[in-house]
Amino acid sequence: AQSVTQLDSQVPVFEEAPVELRCNYSSSVSVYLFWYVQYPNQGLQLLLKYLSGSTLVKGINGFEAEFNKSQTSFHLRKPSVHISDTAEYFCAVKGTGGGNKLTFGTGTQLKVEL
Amino acid sequence: EAGVAQSPRYKIIEKRQSVAFWCNPISGHATLYWYQQILGQGPKLLIQFQNNGVVDDSQLPKDRFSAERLKGVDSTLKIQPAKLEDSAVYLCASSPGPTGVQPQHFGDGTRLSIL
């Protein structure tokens with residue numbers, strides 16, 4: 001089984017400042033890793049995913065994440081945030097073998113302020 | 001392409017009543033998921049279908065929850081009778097197949113409030 005820990009429940013940041021949302025995972029097998037964004041009253045939208053290969057993954061809306069196997073982390077970063085980035089962000093993990101379900105963290109609320 | 005469609009968007013019922021949610025996945029997607037998202041938490045998988053067969057329902061409270069996907073396309077999730085702790089957003093997602101390399105596409109969800 002896999003588990004995900006998102007260390008920060010809320011992250012306030014000023015517009016145009018950089019931001020990092022932290023995610024750590026636990027698994028006894030190889031994993032795929034995902035970041036999803038959820039805007040108010042909407043479903044989840046995929047930001048980016050790590051399946052294999054390069055550990056630096058680039059996604060939509062200027063976000064990127066780095067897979068660190070030794071630290072079992074998959075932190076999400078953006079060099080300059082906008083008001084429109086205000087949303088809930090979920091990290092998720094799935095074992096690479098069949099029969100593994102997608103397991104989500106509890107989410108991080110990113111609030112971008114002027 | 002059209003996204004995952006869910007209805008209704010909102011539902012308010014009293015405890016012990018029954019309720020049903022509907023989901024239409026993206027065309028051609030063989031795998032369909034129902035998630036429960038309680039306020040302040042991440043989504044939790046309730047049931048996964050591959051075509052019209054159940055792949056995983058280990059976290060579905062089977063004494064009150066049921067789901068079906070009769071023709072391998074649309075799906076319905078039912079709660080009977082509802083309890084206060086069932087207040088949540090119910091999300092439907094679909095993917096072309098069950099493997100992790102194919103990300104899931106989510107609908108906007110149904111927000112259920114139990115009085």
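A.B. asks: Can you help me understand the nonpolar core in this one?
C.D. replies: Soluble, globular proteins show a tendency: their nonpolar side chains are buried together. A:Leu33, A:Trp35, A:Leu47, A:Leu48, A:Phe74, A:Leu76 and A:Tyr89 are the most contacted members of the largest nonpolar core, which totals 28 residues. Counting residues per element, the ones that place at least two in this core are strand 2 (10-14), strand 3 (19-21), strand 5 (31-38), strand 6 (44-50), strand 8 (64-68), strand 9 (73-78), strand 10 (87-95) and strand 12 (108-113) of chain A. With 21 residues, the next largest nonpolar core counts B:Ile13, B:Ile26, B:Ala82 and B:Cys92 among its residues.

A.B. asks: Help me understand the interface of chain A and chain B in this model?
C.D. replies: Contact with chain A, which involves 18 residues of that partner, is made by 23 residues of chain B. Summed over both sides, the interface between chain A and chain B buries roughly 1,500 Å², with carbon and sulfur atoms accounting for 55% of that surface. Taken together, the connections running from chain A to chain B amount to one salt bridge. The closest approach of N and O atoms between A:Lys101 and B:Asp56, which form a salt bridge, is 3.3 Å. On the surface where chain A and chain B come into contact, there are six residue pairs in polar contact (both at pLDDT 80 or more). Contributions of two or more residues to the side of chain A that touches chain B are made by strand 5, strand 6 and strand 10 of chain A. Looking at the side of chain A that touches chain B, the element that brings in the most residues is strand 5 of chain A, giving four residues. Taken together, the residues of the side of chain A that touches chain B break down into nine nonpolar, six polar and three charged.

A.B. asks: Can you help me understand the packing of aromatic side chains in this one?
C.D. replies: One pass over the full model with this rule turns up 13 aromatic pairs over all chains. Look at A:Phe104 and B:Tyr35: their rings are 5.8 Å apart centre to centre, the planes differ by 85 degrees, and that puts the pair in the edge-to-face class. Taken together, the residues span two chains, with A:Phe104 in strand 11 (residues 103-104) and B:Tyr35 in strand 4 (residues 31-37). Note on B:Tyr35: relative accessible area 1%, which makes it buried. Consider the rings of B:Phe21 and B:Tyr90, whose centres lie 5.0 Å apart with planes at 25 degrees: the pair is stacked. One end of the pair, B:Phe21, is in strand 3 (residues 19-24); the other, B:Tyr90, is in strand 9 (residues 88-95), with 69 residues separating them in the sequence. Pair check on accessibility: B:Phe21 and B:Tyr90 agree, each one buried. Three or more aromatic residues link up through ring pairs in this structure, and these residues are A:Phe34, A:Tyr36, A:Phe90, A:Phe104, B:Tyr33, B:Tyr35 and B:Phe106.

Criteria and cut-off values
- Residues numbered from 1 in each chain as written.
- Chains lettered and ligands numbered in written order.
- Predicted model: local features only at pLDDT ≥ 70, side-chain atom pairs only at ≥ 80, totals over all residues.
- Heavy atoms only, no water.
- Core = buried A, V, L, I, M, F, W, Y, C linked by side-chain atoms within 4.5 Å.
- Buried < 20%, exposed > 50% of the residue type's maximum accessible area, 1.4 Å probe, protein only.
- Helix = DSSP H or I, 4+ residues; strand = E, 2+ residues; numbered from the N terminus.
- Contact = heavy atoms within 4.5 Å.
- Buried area = accessible area lost by both parts, 1.4 Å probe.
- Salt bridge = Lys/Arg side-chain N within 4 Å of Asp/Glu carboxyl O.
- Polar contact = N/O pair within 3.5 Å; in protein donor to acceptor, adjacent residues only side chain to side chain.
- Nonpolar A, V, L, I, M, F, W, Y, C, P; charged D, E, K, R; others polar.
- Phe/Tyr/Trp six-rings, centres within 6.5 Å; stacked < 30°, edge-to-face > 60°.

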